[in-house]
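# Structure assessment
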Amino acid sequence: MLSSMQRGLISTICDLMQQTTMHRAAHSRTAQQTRPQSQSQPQSQPKKEILPEDSCLVHLPIEFKLHRLEHGPDTLVSLKRKEASLYLRQLMALRRLEAAAAQLYKDQLVRGFCHLYTGQEACAVGVCAALRPQDNLIAGYRIHGWAYLHGRLSAQAVLAELTGRASGCARGKGGSMHMYARHFYGGNGIVGAQIPLGAGIALASKYQQLDAVCVALYGDGAANQGQLFESFNMAQLWKLPVVFVCENNNYGMGTSSWRASSNTNNYTRGDYLPGIWADGQDVLAVRSAIEFAIGYALQRGPLIVELCTYRYAGHSMSDCDSVYRSRDEVQEVRRRHDAVERFQRLCVDQQLLSAEQLQEIALEVRREMELAVKATKSDQELPLTHLWSDVYADNAMQGKIRGVLGQQLEHLRTTPGREKPTNCVPPKASLNT
């Protein structure tokens with residue numbers, strides 16, 4: 001049985017999401033009315049599904065909450081069939097990727113910590129759907145899915161990094177929280193430490209006059225860190241193109257957010273920074289919020305986006321989450337608001353994807369992850385000499401490694417040197433402009 005506190009949690013998480021079911025039929029009817037009448041065809045073939053044009057309009061079932069904003073993101077958004085297929089595949093891929101990581105951890109092939117993203121997939125898929133190729137992103141603990149999507153890394157590169165293999169994205173030297181790729185600045189093992197780094201990345205973009213924003217991710221558990229508010233202040237003073245995204249999964253490690261924070265409305269905690277609250281279990285709501293945030297940040301400076309979501313696994317694989325929440329609580333949220341199932345229903349209701357297409361996507365993702373796991377297990381670890389390889393970022397930094405006592409270690413370069421920004425121009429504008 002659920003305790004009163006647990007029932008209160010589910011109500012807190014779901015009270016703004018419970019409109020989904022009652023709105024779905026109305027939204028489906030509205031979308032049908034927006035399609036050309038010529039698309040209506042008699043269903044003379046019962047076994048063959050008749051699909052509409054390759055796009056539709058979707059009314060977001062849950063409204064955004066705004067702080068210091070007169071206007072917010074669009075609540076009527078378009079969804080193309082190609083996008084629906086891509087987003088669903090990404091949702092399924094992240095779910096499968098974390099399942100594979102969990103199994104590798106149980107097989108003792110992953111050492112150290114391993115923080116799973118299961119349940120929060122709509123946040124990553126929605127944010128990455130809105131980001132442009134030149135935009136930057138930095139995260140905290142749960143970065144496997146972000147590395148896969150925004151880092152454009154293969155599943156093998158992620159899993160191999162987790163297991164310390166040579167084909168990992170950081171050659172097996174980084175592990176669960178330290179994966180990197182172009183425009184993806186990885187995670188951070190220090191709670192909240194990525195936020196000032198994200199502000200610094202945005203400062204570099206503005207200084208070099210680049211058309212790029214930085215999305216700096218943090219969780220509700222990091223929302224009370226002093227360095228967040230210092231970063232908010234500096235970003236606002238200099239009008240930096242940064243979007244601070246709080247993935248509020250309602251638990252910071254083993255403590256519920258309302259037990260640790262006097263103000264759990266994270267989108268308002270920037271005070272002078274504007275903020276947006278969005279349903280983090282809805283891919284399209286997240287995409288719409290981040291698209292608005294990118295445009296705002298480029299023109300006017302920083303803002304906060306809070307994504308209300310939920311994690312199914314513990315804080316990490318070593319966490320016994322049943323101590324601070326019940327399995328009934330997790331199953332109830334999963335049953336009512338699972339991001340993957342929710343988006344599948346939307347695609348079917350809007351007739352963008354058929355049941356057969358859903359099965360094909362699921363099978364394709366399953367094969368991808370199985371091959372990635374197989375390749376990861378057969379890969380080798382780096383030899384001992386790579387302990388001192390790729391220490392310096394520039395190709396010019398060769399020769400002996402500095403600061404090593406008692407050893408004469410020749411620096412090894414095995415990866416390309418640091419690339420300079422392509423559209424960089426001499427800085428002329430003040431940081432206050």
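The rules behind these values
- Residues numbered from 1 in each chain as written.
- Predicted model: local features only at pLDDT ≥ 70, side-chain atom pairs only at ≥ 80, totals over all residues.
- Heavy atoms only, no water.
- Phe/Tyr/Trp six-rings, centres within 6.5 Å; stacked < 30°, edge-to-face > 60°.
- Helix = DSSP H or I, 4+ residues; strand = E, 2+ residues; numbered from the N terminus.
- Buried < 20%, exposed > 50% of the residue type's maximum accessible area, 1.4 Å probe, protein only.
- Pairing = 2+ DSSP bridges.
- Axes fitted to C-alpha atoms, helices over the stretch in contact; angles between N-to-C directions.
- Contact = heavy atoms within 4.5 Å.
- Salt bridge = Lys/Arg side-chain N within 4 Å of Asp/Glu carboxyl O.
- Right-handed = clockwise from strand over helix to strand, strands pointing away.
- Core = buried A, V, L, I, M, F, W, Y, C linked by side-chain atoms within 4.5 Å.
- Expected span 1.5 Å × (residues − 1).
- pLDDT = per-residue confidence, 0-100.
- Parallel < 35°, antiparallel > 145°, perpendicular 65-115°, else oblique.
- Left-handed = near helix turned anticlockwise from the far one by under 90°.
- Nonpolar A, V, L, I, M, F, W, Y, C, P; charged D, E, K, R; others polar.

Here we take up the packing of aromatic side chains. Here the structure, examined in full by the defined rule, presents eight aromatic pairs. Ring centres 5.7 Å apart and planes at 80 degrees place the aromatic pair phenylalanine 229 and phenylalanine 232 in the edge-to-face group. Of the two residues, phenylalanine 229 and phenylalanine 232 are both situated in helix α8 (residues 226-237); the distance of three residues between them amounts to about one turn of the helix. The exposure class of phenylalanine 232 is buried, given its relative accessible area of 2%. Three or more aromatic residues link up through ring pairs in this structure, and these residues are Tyr251, Tyr310, Tyr312 and Tyr324.

A positive phi angle is found at glutamine 209, which is not glycine, with a value near 55 degrees. In this fold, glutamine 209 is placed in the loop between α7 (194-207) and β5 (214-219). Exposure remark for glutamine 209: the relative accessible area of 36% places this residue in the partly exposed category.

What follows is about the sheet that holds β5. Read across the open sheet, the six strands follow the order β2-β9-β10-β6-β5-β4; overall the sheet is mixed. Across the chains shown, the open sheet's two edge strands, defined by having one partner strand only, are β2 (65-67) and β4 (136-138). The average undirected angle you get between the axes of adjacent strands in this sheet is 20 degrees. As paired strands, β4 and β5 are joined by three bridges and run parallel to one another. Bridge pairing in β5 places leucine 137 opposite valine 215. Seen against the sheet, helix α10 (residues 283-300) touches β6 (242-248), β9 (275-279) and β10 (303-308) and runs at an angle of roughly 175 degrees to β10.

The tally for this structure, following the rule as stated, stands at 13 salt bridges. Between arginine 132 and aspartate 135 there is a salt bridge; the shortest N-O distance is 2.8 Å. The class for arginine 132 is partly exposed, based on a relative accessible area of 22%. For aspartate 135, a relative accessible area of 0% corresponds to the buried category. If you follow the salt bridges from partner to partner, you end up with Arg89, Glu364 and Glu368 in one network.

Buried residues dominate β10, accounting for six of its six residues. Burial along β10 is two-sided: the face carrying Leu303, Val305 and Leu307 and the face carrying Ile304, Glu306 and Cys308 are both buried. Bridge count between β6 and β10: six bridges; the pairing is parallel. Bridged to phenylalanine 244 within β10 is isoleucine 304. Crossover β9 to β10 through α10 is right-handed.

Another aspect to go through is the nonpolar core. Formed by 79 residues in total, the largest nonpolar core has its most connected members in Leu79 and Phe343. Take this core: its biggest share by element is twelve residues, from helix α3 (residues 81-106). With sequence-adjacent residues up to four places away left out, phenylalanine 343 is seen in contact with Leu79, Ala84, Tyr87, Leu88, Leu91, Val283 and Leu284. Ala199, Val242, Cys246 and Ile304 belong to the second-largest nonpolar core, a separate cluster that totals 19 residues.

Now for helix α13 (residues 355-378). Taking 1.5 Å per residue, 24 residues should reach 34 Å; α13 reaches 35 Å between its end C-alpha atoms and fits that length. Residues Leu358, Ile361, Val365, Met369, Ala372, Val373 and Thr376 constitute the buried set of α13. Of the surrounding secondary structure, the elements contacted by the buried residues of α13 are α3, α5 (144-149), α6 (155-162) and α12 (339-349).

Turning our attention to the side chain of asparagine 266. Position of asparagine 266 relative to the elements: it lies in the loop between α9 (257-260) and β9. In this view, asparagine 266 contacts Asp220, Ala223, Cys246, Asn248, Ile304 and Glu306; residues no more than four positions away in its chain are not counted.

Glancing now at helix α4 (residues 121-130). Burial analysis of α4 places nine of its ten residues in the buried class, the great majority of the element. Within the sequence span of α4, burial applies to Glu121, Ala122, Cys123, Ala124, Val125, Gly126, Val127, Cys128 and Ala130.

Across the protein chain, pLDDT averages 86, with 83% of residues at or above 70. Low pLDDT, under 50, characterises residues 424-433; the stretch is placed with 16 contacts to residues that sit more than four places away or in other chains.

Right, let's talk about the packing of α4 against α10 for a bit. For the pair α4 and α10, interaxial distance at closest approach is 7 Å and the crossing angle is 40 degrees. In terms of orientation, α4 and α10 fall into the oblique class. As for the relative orientation of α4 and α10, their crossing is right-handed in sense. On the side of α4, the interface is formed by Ala122, Cys123, Val125, Gly126, Val127, Ala129 and Ala130, while α10 contributes Val283, Val286, Arg287, Ile290, Glu291 and Ile294. Among the residues forming the contact of α4 with α10, the class breakdown is ten nonpolar, one polar and two charged.

Right, let's get into the packing of α6 against α13. For the pair α6 and α13, the least separation of the axes is 9 Å and the interaxial angle reads 40 degrees. As summarised for this structure, α6 and α13 are arranged oblique, according to the angle between their axes. When the axes of α6 and α13 are compared, the crossing they make is right-handed. Touching Ala155, Gln156, Leu159 and Ala160 of α6 are Glu368, Met369, Ala372, Val373, Ala375 and Thr376, all from α13. A breakdown of the residues in the contact of α6 with α13 according to their chemical character gives seven nonpolar, two polar and one charged.

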